[in-house]
Amino acid sequence: MPSQYEEERVWEGSNHNQYEEEGGEDVIDNPEEVLQECLEKFKTPDYIMEPGIFGQLKRYFQAGGNPEQVIEQLSINYNAVAQMANLLAEWLILGGVKVTEVQAMVENHLKDMILKTFDPKKADTIFTEEGETPAWLTEMIEHPTWRSLIYRLAEEYPDCLMLNFTIKLISDAGFQGEITSISTAAQQIEVFSRVLKSAIVGFLQSSDDWQNSVNECAKMVCHGAHTYVYSQVIVHILSQEPRGGAIMKRLGQEITRCAQQSGHDVTPITLALTAGESWRSARTALAAMLSRGALNPADISVLFRAYTQPEPPPVHLLRIPQFLELLVDSLFKSGSKLNPEHKSKYMYLLAYAASVCEGVTPGRPVKDELKATVQAIEKIHAVCSSSASSSELIAELPTLYHCIRFPVVGMGVLVWVECVVTEPSYFKLCTEHCPVHLALLDEVASCHQLLHHRLLRLLIQLFESPQDELEILVQLELKKMLLDRMVNLLSRGCVVPVLRYIKQCWQRGDTDISLIRYFITEVLDAIAPPYTQEFVQLVLPMVENEEITGTMRAEGENDPVSEFIVHCKAHYVST
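All values reported here derive from a predicted model rather than from experimental measurement. (Residues numbered from 1 in each chain as written. Predicted model: local features only at pLDDT ≥ 70, side-chain atom pairs only at ≥ 80, totals over all residues. Heavy atoms only, no water.)

> I tried to follow the overall build of the protein on my own but got confused; where do I start?
When you go through the protein residue by residue, the secondary structure sums to 32 helices and zero strands. The C-alpha radius of gyration of the protein comes to 34 Å, more than 25% above the 25 Å expected for a compact globule of 575 residues. Reported as C-alpha extents along the three principal axes, the dimensions of the protein are approximately 105 × 75 × 45 Å. Among the 575 residues that make up the protein, the fraction classed as buried is 40%. Counted over contacts in the protein with a minimum sequence separation of 6, partners at least 24 positions apart contribute 63%. Here the protein displays about 31900 Å² of accessible surface, and carbon together with sulfur accounts for 54% of that area. (Helix = DSSP H or I, 4+ residues; strand = E, 2+ residues; numbered from the N terminus. Rg over C-alpha atoms; globule rule 2.2 N^0.38 Å. Buried < 20%, exposed > 50% of the residue type's maximum accessible area, 1.4 Å probe, protein only. Contact = heavy atoms within 4.5 Å. Areas by Shrake-Rupley, 256 points an atom, 1.4 Å probe, with all protein chains shown as cover.)

> I'm lost on the nonpolar core in this one. Help?
For soluble globular proteins, the rule of thumb is that nonpolar side chains tend to be buried together. Counting residues in each nonpolar core, the largest one holds 102 residues, and the members touching the most others are Leu 303, Phe 323, Trp 416, Phe 519 and Phe 564. The greatest single-element share of this core, amounting to nine residues, is contributed by helix 23 (residues 407-421). Apart from residues lying up to four places away in sequence, Leu 303 is in contact with Ala 282, Ala 285, Leu 286, Met 289, Leu 318, Phe 323 and Leu 349. With 41 residues, the next largest nonpolar core counts Ala 123, Tyr 151, Val 191 and Leu 196 among its residues. (Core = buried A, V, L, I, M, F, W, Y, C linked by side-chain atoms within 4.5 Å.)

> Just to check I follow, could you spell out the packing of aromatic side chains for this structure?
For the structure on display, the rule yields 13 aromatic pairs. Taking 6.3 Å as the distance between ring centres and 85° as the angle between the ring planes, the aromatic pair formed by Phe 463 and Tyr 501 counts as edge-to-face. Of this pair, Phe 463 sits in helix 26 (residues 452-464) while Tyr 501 sits in helix 28 (residues 495-508), placing them 38 residues apart in sequence. The buried category is assigned to Phe 463, whose relative accessible area is 5%. Seen from their ring centres, Tyr 531 and Phe 564 are 5.3 Å apart, and the 55° between their planes marks the pair as tilted. Residue Tyr 531 is found in the loop between helix 29 (513-526) and helix 30 (533-544), and its partner Phe 564 is found in helix 32 (residues 560-571); the two are separated by 33 residues along the sequence. For the residue pair Tyr 531 and Phe 564, the accessibility class agrees, reading buried in each case. Pairwise contacts between aromatic rings join Phe 42, Tyr 47, Tyr 60 and Phe 61 into one cluster. (Phe/Tyr/Trp six-rings, centres within 6.5 Å; stacked < 30°, edge-to-face > 60°.)

> I tried to follow a nonpolar patch on the surface on my own but got confused; where do I start?
A contiguous nonpolar patch, built from Met 84, Leu 87, Leu 88, Trp 91, Leu 92, Leu 94, Met 105, Val 106 and Leu 110 and spanning about 870 Å² of accessible area, is present on the exposed surface. Of all the elements in the fold, those that place two or more residues in the nonpolar patch are helix 5 (81-94) and helix 6 (99-117). Among the elements that line the nonpolar patch, the one with the most residues is helix 5, at six residues. Within the secondary structure, Val 106 is located in helix 6. (Patch = residues over 30% accessible without salt bridge, like charges linked within 9 Å, V, L, I, M, F, W, Y side chains within 5 Å. Salt bridge = Lys/Arg side-chain N within 4 Å of Asp/Glu carboxyl O.)

> Explain the state of the cysteines to me, please; I cannot follow it from the model alone.
Working definition of a disulfide: a covalent bond connecting the sulfur atoms of two cysteines. Inspection of the entire model under this criterion finds zero disulfides. Not part of a disulfide, Cys 434 finds its nearest cysteine sulfur in Cys 430, a span of 8.5 Å. (Disulfide = S-S within 2.5 Å.)

> Explanation requested: the packing of helix 6 against helix 9 (residues 144-156) in the structure shown.
Angle between the axes and distance between the axes are the two parameters that describe a pair of packed helices. Closest axis-to-axis distance for the helix 6/helix 9 pair is 11 Å, and the angle between their directions is 15°. Relative to helix 9, the element helix 6 is oriented roughly parallel. Crossing hand, helix 6 versus helix 9: right-handed. Taking contact as the criterion, the partners of Glu 107, Leu 110, Lys 111, Ile 114 and Leu 115 in helix 6 are, on helix 9, Thr 145, Trp 146, Ser 148, Leu 149, Arg 152, Leu 153 and Glu 156. Tallied by class, residues from the contact of helix 6 with helix 9 come to six nonpolar, two polar and four charged. (Axes fitted to C-alpha atoms, helices over the stretch in contact; angles between N-to-C directions. Parallel < 35°, antiparallel > 145°, perpendicular 65-115°, else oblique. Left-handed = near helix turned anticlockwise from the far one by under 90°. Nonpolar A, V, L, I, M, F, W, Y, C, P; charged D, E, K, R; others polar.)

> Where do I start with the confidence of the model for the protein in this structure?
Should pLDDT be low for a region, the predicted coordinates there are not to be read in detail. In this model, the protein carries an average pLDDT of 85, and 91% of its residues clear a pLDDT of 70 or more. Across the protein, element-level confidence peaks in helix 19 (residues 343-355) with a mean pLDDT of 95 and bottoms out in helix 1 (residues 2-22) with 40. Contacts for the low-pLDDT stretch residues 1-24, under 50 throughout, to residues beyond four places or in other chains number seven contacts. (pLDDT = per-residue confidence, 0-100.)

As structure tokens, this is what we get:
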């Protein structure tokens, strides 16, 4: 009781000081109206628990209100909902429910109630009435539960001043990493800068999961035109740093790609951040094609003339990823029609972008590899556009294998093979165990590590594609052949992504166990210690599984399965 009394005295004291600071009594024009308004509020359930109770009591008494009446109204309408909730929580804890579970129940119910009844206008009055940051708000953002509530409310009510201010408080408190998807952050440059920094750091620290990091970063950056421009300028400046600049340039390109996939035309911004401002005709031609997402002979001719001059524009203009993809698709995709008169110009521009580098002297690029690259593109384009059958392609294998060593040709061959083998009738008409088109992918994997992820995506697409028109045994043989391609990809350095996919197939249970067994057999034949911890964590559970490797084990420990398990147990105890 004494503590309760002292608490009441503190409230009274603070309230008295508050009145004194406000400087005397306010002049009330219509006392009757004020009395009626206050009484209506006093009649609402548990109004005595409201933060504004003291302000309303002051208005009521200044208007000549009756103390007995207000006491009666507040008492009658006191339902003690909050106190009953506390009492119920104590009973649950006494009944054996964990404190954390009870707390979660209460918090989740409160979150649901707030989401249903939140009024942004009333929330904004917190600042107009209190004039400073409420202590309870500062304490509130220290808890993950209530921060997540603020994020959800901020998405629904982006114009609420109280929520915008709270987002800034959260950012100031160091939790900006949690608000990467909050649109409210994009309205405050200080908050957005911190969030952008966290997203970039996350991208730089990610390894195999870098694509998800890029997607999260791009989603935030593409929230609006102002966030996109601001972010791309920062990334562009960082891309010019000698250390790590190339990684930032890649991040900027991936963000541009995501913006384009979302239907935004960001060509003017892309070109504004690309060197070569004095080459207006070339930039205009490039901008026209990028905005339309299609090439045309007239603009290609303008670029061709510019890059065959003694002092051509910077090669960076041609190295915009979207433009390179358009060139590769036009030259290597099956069914692509090019005007024979202009075909050589397309090839020249692609070869120029892929092989030429800027020289020491401005305007004097190094073209040592240009001629050979043009010739390789011409030869492979002739093969890809000939509609030759698999048997006819065998005669072209020496040419294909020789030219695939050029990175741009390797990309072109991958695009061509992707287009051919994804035709619904391809495997139905195929008679070879390993079609020539897929054999070419092994050579691409061998020569070009940077194409491994796209190559794996194609193999996964083929592996999961339904081939219902084929017999069951034929389908199994087809999938084994695709697994052979994955094992080859693994042997060329794409280890973790391949193993992670096969492990997912096993855990999902949607892949014939004989195929998992076949893959494990091939992998064990191809590997030798030492192994990395991550490799063991991915492979060992599958090798130890009796259903997968039970029939592969011999008596003793002389078989590959037992030898692998023994080695891992001896050297990787923590797994």
